[in-house]
Amino acid sequence: MANLHFEDRFDGTLSAWTTYIGTSNTVVIATQDLSSKLRFVDNAAADYGSAKTSITFPTDEAYIIEFDMMVASTGSLTFELLDASNTVLATAELTSNTLTFNTDTVGDSTTSWTDGTYNQVTLLVDPVNNTIKCYWYDLTYGSSSRNPRQMLAEKAFSGTTATQIIFRTDSTKTGNAYVDEVRSYTPDWCIVGPSIADGKPDWSSDPSTTYRLTGTPVENGFPSYHLGVLLGSNNYVGNLGFGGARMAEIEVFAQETIVDLGFKKVIIFGGLNDFNNGGTALEVQADLLSITDTLVAGGIFPGNIYINTCYWIAIIIGSENTERVAFNNWLPGFCADNGYTMVDTDATHSDNVAEQIVAAYDWGDGTHCNSTGSQKLAQNAYDLIPATIAANTQGYIS
C-alpha cells in the first residue's frame, strides 16, 4: 500500500508550489552544494519570499513531514503547517543559530543549530491524539559522519486538519535560505544501521555530512531508496542509518527513532563497526536482543523485523573476522527462535578470497557499497517479503 503523500527533491519545476516573491527577492530552484534546492534570496528587510503547497494528509493515522533547511547568518527561514484557512498549526523556525518549534496551543522549544549549516527537521503529526513531535539531527553527538536523529519536543496541537505547508523568509531580515528533500509519508518500512544503511559514502539522510557536500553525491543510490522502488510507486522507506553506529548505539535510539516515530517494518544492519573496534559476537548478540525486545514491546510484529548478517569488509581482519563469522553463525537460530527474518547479506556481498566486499558492489574502499551494492542489499530483503502485506495498525505480514 502506497504511503508517500508528497515529495519534492527540487529536480524539476516549482509547478507544485505557489510562490510569493517580494521586493528584491527571488524564489527559484537552483544548484547549491552539489544538488538542486529551493533557494530563497531575500534582499529586502521589509519584505519576504515564500513557497506554499497543498498536501492531502491522513486524518486517521500519524504521518511524517521531513525537510532539509539551511539559512545564512543574517537571515531566517520558517516552516509552517497550515489548515485550509491558512491558520498555523505548527512552526519550525531557523534563525540566529537556533531551531524553534511550537504549535498553535503550546509555546517554543529550542535547540542550537549553527547558521550556514544544513540539517533535517522531521515532524510526526498525530491527528488522532492531537500531538506533534519535532526531531532534528543532533550534530553534537559525534563526528560529522554520524549524527542520529533525536527528538526536540512533543507538543499538543488543536487537531485541526492540516492541508498545506509553507516555507518563508522573514520580513525583517535578509539573507539566502535553502530547502531540499521535502516529503510527507505514513511511517511503514525503515532501514536502520551504520553507514551502509544510510548510503554513505555516496549519500546520507543527514544533509550536513561531507558525503552530501563534497564529491559526487548519488541521490538515488542508497538502500532505502532502492527498497522504495521495489515496493512500488509512491512507497517511501525511512532512512534511519547514521555512520559509525555500533549495535549498542542503535539500541539507544531504537525506541525514540523507530518505535516512537511509528515505523512498522524494520530492516536492521549492524555489527561491523563493533567488530572493527574490538567488539565480540556475544556483545553484538546482546545488543541485538535488546533492540528486538524494544521493537516487539513497541508493537512491531516479529515477522516484520529483518536482520542482516555481516558481510566481510577490508578493515576487518584476524580475530575481528572470527567474531563476525561467529555472529553470522548464531543469527539463523536467533531469528528462527523468535520469528524474525534473517537476510543473508554475507552470502551476496562477501568475497571470501579477497577478504572484503565483492568487487561489483565495492564503492572503492573494500568496505562500503556503491549504488549497485546498495540495490542488492534492498533486493535481498525484498525477496524475503511475502507477496501479501496486510495493511493494519500492527503492520502484520500475512
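Note that the coordinates shown come from a computational prediction; the quantities given were computed from them, not determined experimentally.

A.B. asks: Could you clarify how one ought to interpret the state of the cysteines in this entry?
C.D. replies: Note on terminology: a disulfide is the covalent bond linking the sulfur atoms of two cysteines. Under the counting rule described, the total for this entry stands at zero disulfides. No disulfide involves C134; its nearest neighbouring cysteine sulfur is the one of C190, lying 19 Å away.

A.B. asks: What exactly am I supposed to notice about the packing of aromatic side chains here?
C.D. replies: Inspection of the entire model under this criterion finds 18 aromatic pairs. Ring centres of Y185 and F263 lie 6.5 Å apart, and the angle between their planes is 35°; this geometry places the pair in the tilted category. Of the two residues, Y185 sits in strand β15 (residues 175-185) while F263 sits in the loop between α4 (247-259) and β18 (265-268), which places them 78 residues apart along the sequence. Per residue, the accessibility class of Y185 equals that of F263, and both read buried. Aromatic rings pair up to connect F6, F10, W17, F67, F79 and F167 into one cluster. In this arrangement the basic side chain of R212 is found over the ring face of W203, its NZ or CZ atom lying 4.0 Å from the centre.

A.B. asks: When you look at the pattern of salt bridges in this model, what are you seeing that I'm missing?
C.D. replies: For side chains of opposite charge, pairing can occur when their charged atoms come near one another. Evaluated as defined, the whole model comprises 10 salt bridges. Linking R212 and D68 is a salt bridge whose minimum nitrogen-to-oxygen distance equals 2.8 Å. On the criterion of sequence distance, the pair formed by R212 in helix α2 (residues 210-213) and D68 in strand β6 (residues 63-71) is long-range, its members being 144 residues apart. Each member of the pair R212 and D68 is classed as buried. The salt bridge involving R168 is made with E80; its shortest N-O contact spans 2.8 Å. Taken as a pair, R168 in strand β14 (residues 164-169) and E80 in strand β7 (residues 76-82) lie far apart in primary sequence, 88 residues in all. Exposure remark for R168: the relative accessible area of 24% places this residue in the partly exposed category.

A.B. asks: I tried to follow the nonpolar core on my own but got confused; where do I start?
C.D. replies: Across soluble globular proteins, nonpolar side chains show a tendency to be buried alongside one another. One finds I258, I268, L295 and I307 to be the most contacted residues of the largest nonpolar core, which totals 58 residues. Here this core takes six residues from α4, the largest share from any one element. For I307, the contacting residues outside a window of four places in its chain are I268, L288, T292, L331, F334, C335, Y340, T341, M342 and V343. Core analysis: the second largest hydrophobic core is formed by 40 residues, I65, L77, W113 and W136 among them.

Cut-off values and rules
- Residues numbered from 1 in each chain as written.
- Predicted model: local features only at pLDDT ≥ 70, side-chain atom pairs only at ≥ 80, totals over all residues.
- Heavy atoms only, no water.
- Disulfide = S-S within 2.5 Å.
- Phe/Tyr/Trp six-rings, centres within 6.5 Å; stacked < 30°, edge-to-face > 60°.
- Helix = DSSP H or I, 4+ residues; strand = E, 2+ residues; numbered from the N terminus.
- Buried < 20%, exposed > 50% of the residue type's maximum accessible area, 1.4 Å probe, protein only.
- Lys NZ or Arg CZ within 6 Å of the ring centre and 35° of its normal.
- Salt bridge = Lys/Arg side-chain N within 4 Å of Asp/Glu carboxyl O.
- Core = buried A, V, L, I, M, F, W, Y, C linked by side-chain atoms within 4.5 Å.
- Contact = heavy atoms within 4.5 Å.

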